[in-house]
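Now for the letters of each chain:
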Amino acid sequence: HWQQRAADLEAALAESEQRRQEAERTAEAQRVRAEEAEADADDLRLALGQERRQAAEALAAAAAAGAQSEERHTAEVLNFRQRFCEQSQAARSAQLGLRQESARANAAEVEV
């Protein structure tokens, strides 16, 4: 009876050792998967960070291009306005000159 009991205990011990080894293998596999998942998460964070930086840089470049375009447009509008004012002043001066010449011509006719 004690021999059977010893054999049962040895079998239980061997089975327990197998379960322990299997549990260690499972734990090691889970640890490896967790490390891989963490590495993947780090890669994803870096990739997202890079994409965000690239998007921010593209946005900044677009804003700078828009600002330059706006500055050029503003300069063109100011230039056109200045030229319009100059031409308008020239037209008023010419009109005034024509009125004065017309008045002189009329005065000369009246004297004659």
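Structure: see above.
Residue positions are given per chain, counting from 1 as you read along its sequence in written order. Since the coordinates come from a predicted model, pLDDT governs what is reported: local features require at least 70, and pairs of side-chain atoms require 80 or more to be given and counted, while whole-chain, interface and lining totals use all residues. As a convention, hydrogens and water are excluded, and side-chain values are obtained from all of the structure's heavy atoms.

**Student:** Just give me the short version of the pattern of salt bridges, but keep the residues and values in it.
**Tutor:** Salt bridge, as used here: a side-chain nitrogen of Lys or Arg that lies within 4 Å of a carboxyl oxygen of Asp or Glu. In this structure the tally under the stated criterion is 8 salt bridges. In this structure, Glu24 and Arg20 form a salt bridge, with 2.3 Å as the shortest nitrogen-oxygen distance. Taken together, the residues Glu24 and Arg20, both in helix α1 (residues 2-111) and 4 residues apart, mark about one turn of the helix. Exposure categories follow from relative accessible area, calculated using a 1.4 Å probe and restricted to protein chains: below 20% of the type maximum is buried, above 50% is exposed, and the middle band is partly exposed. Given the relative accessible area of 44%, Glu24 is considered partly exposed. For Arg20, a relative accessible area of 38% puts it in the partly exposed group. Three or more residues are tied together by salt bridges with common partners; here these are Glu17, Arg20 and Glu24. Under the DSSP-based scheme used, a helix requires at least four consecutive residues in state H or I and a strand at least two consecutive residues in state E, with every element numbered from the N terminus.

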